[in-house]
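Topology and contacts: notes
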Amino acid sequence: MEVVFSLVSLTVTKALQISGLVDNRNVLRTRKMEEKALEVYDVIRSIRDPEKPSTLEELDVVTEKCVEVRELAEDEYLIIIKFSPTVPHCSLATLIGLCLQVKLQRCLPFKHKVSTRMVTFNKQINDKERVAAAMENPNLREIVEQCVTEPDD
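Reading the values: the criteria
- Residues numbered from 1 in each chain as written.
- Predicted model: local features only at pLDDT ≥ 70, side-chain atom pairs only at ≥ 80, totals over all residues.
- Heavy atoms only, no water.
- UniProt positions renumbered as here; feature names shortened; annotations may be inferred.
- Helix = DSSP H or I, 4+ residues; strand = E, 2+ residues; numbered from the N terminus.
- Buried < 20%, exposed > 50% of the residue type's maximum accessible area, 1.4 Å probe, protein only.
- Contact = heavy atoms within 4.5 Å.
- Areas by Shrake-Rupley, 256 points an atom, 1.4 Å probe, with all protein chains shown as cover.
- Arc of directions from axis to C-beta.
- Salt bridge = Lys/Arg side-chain N within 4 Å of Asp/Glu carboxyl O.
- Axes fitted to C-alpha atoms, helices over the stretch in contact; angles between N-to-C directions.
- Parallel < 35°, antiparallel > 145°, perpendicular 65-115°, else oblique.
- Nonpolar A, V, L, I, M, F, W, Y, C, P; charged D, E, K, R; others polar.
- Pairing = 2+ DSSP bridges.

Under an unreviewed UniProt entry, the name given to the protein is Cytosolic iron-sulfur assembly component 2A, and the source organism is Amphiprion percula. Listed under Sequence similarities (unreviewed entry) in UniProt, the entry text for the protein is "Belongs to the MIP18 family."

Below, the structure written as structure tokens:
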């Protein structure tokens with residue numbers, strides 16, 4: 001019986017390889033990650049800059065290309081956001097990273113981990129405990145709320 005099962009399994013595998021369906025699974029996985037990345041971008045693009053009356057998208061702080069999604073496990077994803085502050089040594093880059101973390105935490109319907117990266121990396125924005133502690137500060141929480149709240153259209 002095991003020999004028959006092995007032969008059937010081998011035959012099916014070969015047929016899938018010849019037909020290209022094995023490659024199609026990789027194509028489908030890639031499309032799924034691209035769709036998740038667009039979903040993430042749609043969430044973060046409307047975050048407002050802490051200093052200016054513009055969104056991060058309008059200032060080119062975030063773009064579609066800056067978002068990458070990788071599958072960690074079934075229905076769990078790693079979101080990597082590489083953002084570029086408007087000036088190289090932006091004093092509010094950590095605050096922007098905090099806004100990205102909070103907005104994604106609130107808005108994404110799927111299980112995820114977030115890694116935000118900028119030109120000068122600051123590991124504070126990828127630490128869950130520091131994000132939680134920062135959000136306990138009423139002044140900081142108010143600024144983040146102003147940045148992540150969707151405008152009334």
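Of the regular secondary structure elements, the protein holds 5 helices and 3 strands. Helices (α) and strands (β) of the protein occur, in sequence order from the N terminus, as α-α-β-β-α-β-α-α. Burial statistics for the protein: of 153 residues in total, 34% are counted as buried. Summarising the internal contacts of the protein: among those between residues at least 6 apart in sequence, 63% fall at separations of at least 24. Carbon and sulfur atoms make up 53% of the accessible area of the protein, which totals about 10,100 Å².

Another point: helix H4 (residues 128–136). Within an α-helix, residues lying three or four positions from one another point in the same direction, as the helix has 3.6 residues per turn. Residues of H4 that are buried include every one of Val131, Ala134 and Met135, and no others. Buried positions in H4, seen along its axis, are confined to an arc of 95 degrees and lie on one side of it. Pointing more than 90 degrees away from the buried face of H4 are the exposed residues Glu129 and Glu136. The elements touched by buried residues of H4 are helix H3 (93–107) and helix H5 (138–148).

Summed over all chains, the structure comprises 5 salt bridges. Two residues, Glu71 and Arg29, come together in a salt bridge whose shortest N-O distance is 3.6 Å. Residue Glu71 is located in strand E1 (residues 67–73), and its partner Arg29 is located in helix H2 (residues 21–44); the two are separated by 42 residues in the primary sequence. Each member of the salt-bridge network shares a partner with another, and the members are Asp42, Arg45 and Glu57.

A few words on the packing of H4 against H5. Orientation of H4 relative to H5, taken along the N-to-C sense of each, is 100 degrees, at an axis distance of 5 Å. By the angle between their axes, H4 is roughly perpendicular relative to H5. Each of Ala134, Met135 and Glu136 in H4 lies in contact with H5, whose residues at this interface are Pro138, Leu140, Arg141, Val144 and Glu145. Here the residues of the contact of H4 with H5 are counted per class, giving 5 nonpolar, no polar and 3 charged.

Turning to the sheet that holds E1, a few remarks are in order. Hydrogen bonds between backbone groups are what pair the strands of a sheet, and the pairing can be parallel or antiparallel. Reading across the sheet, the 3 strands line up as E1-E2-E3 and stay open at both edges, with mixed pairing between neighbours. Among the strands making up the open sheet, the edge pair consists of E1 and strand E3 (111–117). Going from strand to strand, the sheet's axes swing by 20 degrees on average, the running direction of each strand aside. In terms of strand pairing, strand E2 (residues 76–82) meets E3 through 7 bridges, oriented parallel. If you follow Ile80 over to E3, its bridge partner there is Ser115. Here H3 sits on the sheet and contacts E2 and E3; the angle it forms with E3, its principal contact strand, is near 165 degrees.

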